[in-house]
Amino acid sequence: MTPTCPEGGILDSFQMFCCPEECGECGGFGCHEFPGGESNCCTSQITETCDTNNLPCEIVPEEICPSGGVPNDDGSGCCGSNCQRCDSAACQLPINANNVCCTLNVTTSCETGELPCVNIPLEEPKTCPGGILSDPLPFACNPLVCCPESCDVCDISEDCTLASECCAYTFLFDSIGIVPSDVDVSCRNNEPPCIMAPENDPCEVNPCLDGARCGSSWTSEAGCFNEAICECSEVGNNAGPFCDVVCDVGETPCGQGFPPFSNYYFEPNSFCCAADEECFAFAPLDGGELNYSCITKDRPTECETLECVNGTCYIALYIGDADGFIPVEACLCDEGYYGGLCEEAIV
């Protein structure tokens, strides 16, 4: 914020003093020769403050700084008491050269009373109503868990008892180690134990249409929590990123939340499957993450050629080329056996 002078006054280049307009300039080289004379135009001769509306005068800085602090040029922060001038960003000169300082890259809040500082509020400590907050969990996105208030601590140690509600990992992963849908475990919709919403919560204002619940993406590739997901299966025959696509009669939305396929793997419902198709999770032939698509209901469902010695035959679907999916007969081996036909015993 640029300071102002009493009526008829002009600022010096450091915005710290006011001289009468007749000086033409306030302070600087040769000020003793300015019209108005040395006593009016040289800042070194000014002893009065501007709080009485007299000229010349020294500007009284607003009380925006801790004791001894020097406010910067736009009022956004403060430098130390050893600084004659404090800039917000223009740090062309080394700090304290000619007693010129700046607040560029300063992150300490002036509410701490420390210098240098910037005028930002102190962050409120995170709390979880009705529960006890964990420390950040040591994996992607560092989520926080809220355990029931009956717990002495919300434990994030690797050896905490998974059967306990006081262990942050108890409900955070499913049986194969996948983070559940944020919709199902978020503190937005659930009492503790639950996962706290992220700092920049995309669901703070629910973007999902028709009252569908909103959740956050847990994948670091998506920027941790920067992407909203909508539980469209709760609001009828809807699809689309925000449940904004209504499938026709006989069609089925494909993606998030549609049984019997785990919604842990799905992006939001993004399209509709025709009446003769169903939404199906599949694995690429070369491995990789599961995906989903609409596939025909008229497909092989029983094995015709493969005979498993010590196991059960099933039809596995893999993504193929332009012809679509490739049904492959495969064996699910009984315990203690392995091999293409489950013919080998584990010794």
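Along every chain, residues carry numbers that run from 1 in the direction the sequence is written. Local features in this predicted model are restricted to residues whose pLDDT is 70 or higher, and side-chain atom pairs enter the listing and the counts only when it is 80 or higher, whereas totals over whole chains, interfaces and linings include all residues. Hydrogen atoms and water are omitted, and side-chain values are computed over all heavy atoms in the structure.

Novice: Requested: an account of the overall build of the protein, with residues and values cited.
Specialist: Across its full length, the protein carries 2 helices and 23 strands. Each residue is placed in one exposure class: buried if its accessible area under a 1.4 Å probe, protein chains only, is under 20% of its type's maximum, exposed if it is over 50%, and partly exposed if it falls in between. Evaluated residue by residue, the protein yields a buried proportion of 35% over its 347 residues. Whether two residues are in contact is decided by their heavy atoms: any pair within 4.5 Å suffices. The contacts in the protein between residues at least 6 apart in sequence include a share of 34% that link residues at least 24 apart. Strands are runs of DSSP state E lasting at least 2 residues, helices are runs of H or I lasting at least 4, and numbering of each runs from the N terminus.

Novice: Any chance you could break down the sheet that holds strand β1 (residues 9-11) for me, citing the residues and the numbers?
Specialist: Strand order across the open sheet formed by 3 strands is β1-β2-β3, with antiparallel pairing between neighbours. Whereas interior strands pair on both sides, the edge strands pair on one side only; in this sheet they are β1 and β3 (57-58). Here strand β2 (residues 17-20) pairs with β3 via 2 bridges, running antiparallel. The residue bridging C18 from the neighbouring strand is C57, located in β3. Note on pairing: DSSP must find at least two bridges between two strands before they are called paired.

Novice: Which residues make up the nonpolar core, and what are the values?
Specialist: By size, the foremost hydrophobic cluster in this structure holds 10 residues: L137, V145, C147, C151, C154, I156, C160, C167, A168 and Y169. C160 has contacts with D155, C167 and Y169, leaving out every residue within four places of it along the chain. The set of buried Ala, Val, Leu, Ile, Met, Phe, Trp, Tyr and Cys residues whose side-chain atoms join them within 4.5 Å is what this entry labels a nonpolar core.

Novice: I'd like to hear about the state of the cysteines, residue by residue, with values.
Specialist: We call a pair of cysteine sulfur atoms a disulfide when they lie within 2.5 Å. Counting across every chain of the model gives 21 disulfides. Across a sulfur-sulfur distance of 1.9 Å, C31 and C42 are joined as a disulfide pair. Torsion about the S-S bond of the C31 and C42 cystine: about 110°, corresponding to right-handed handedness. Of the two residues, C31 sits in the loop between β2 and α1 (38-41) while C42 sits in the loop between α1 and β3, which places them 11 residues apart along the sequence. The pair formed by C31 and C42 is uniform in burial state, with each residue classed as buried. The disulfide partner of C247 is C272, and the gap between their sulfur atoms is 2.0 Å. Around the S-S axis, the bridge from C247 to C272 shows a dihedral of about -85° and counts as left-handed.

Novice: Lay out the environment of C203 with the relevant residues and their values.
Specialist: Within the element layout of this structure, C203 appears in the loop between β11 (194-195) and β12 (214-216). Owing to a relative accessible area of 8%, C203 belongs among the buried residues under this scheme. Along the primary structure C203 and I229 are separated by 26 residues, whereas in three dimensions their C-alpha atoms are 8.7 Å apart. Those residues within four positions of C203 in sequence are excluded, and the remaining contacts are R188, C214, G215, S216 and A228.

Novice: How would you sum up the confidence of the model for the protein? Please name residues and give values.
Specialist: A score from 0 to 100, pLDDT tells how confident the predictor is in each residue. Mean pLDDT over the protein: 77, with 76% of residues reaching 70 or higher. Every residue in residues 174-178 is under pLDDT 50, and counting partners more than four places away or in other chains gives 6 contacts. Here residues 257-266 is modelled with pLDDT under 50, and outside its nearest four sequence neighbours on either side it reaches 27 contacts, counting other chains as well.

Novice: With reference to specific residues and values, describe the sheet that holds strand β5 (residues 77-79).
Specialist: Strand order in the open sheet formed by 3 strands is β4-β5-β8, with antiparallel pairing between adjacent strands. Bordering the open sheet on either side are β4 (70-71) and β8 (117-118), each of which pairs with just one other strand. Of the strand pairs in this sheet, β4 and β5 are connected by 2 bridges, and their pairing is antiparallel. Bridge assignment links P71 to a residue of β5, and that residue is C78.

Novice: Please set out the pattern of salt bridges residue by residue, giving values where relevant.
Specialist: One speaks of a salt bridge when a side-chain nitrogen belonging to Lys or Arg is within 4 Å of a carboxyl oxygen belonging to Asp or Glu. Counted under the stated rule, the structure contains 1 salt bridge. Its salt-bridge partner being D201, residue R188 comes within 3.0 Å of it at the nearest N-O pair. One end of the pair, R188, is in the loop between α2 (182-185) and β11; the other, D201, is in the loop between β11 and β12, with 13 residues separating them in the sequence. R188 sits in the partly exposed class, given a relative accessible area of 26%.

Novice: Pulling in residues and values, what's your account of the pairing of β2?
Specialist: Consecutive residues of a regular strand have side chains that alternate between opposite faces of the sheet. Relative to β2, β1 is paired through 3 bridges, and the arrangement is antiparallel. Looking across to β2, one finds that G9 is bridged to P20. Between the end of β1 and the start of β2, which pair antiparallel, lie 5 residues, with Q15 showing a positive phi angle near 60°.

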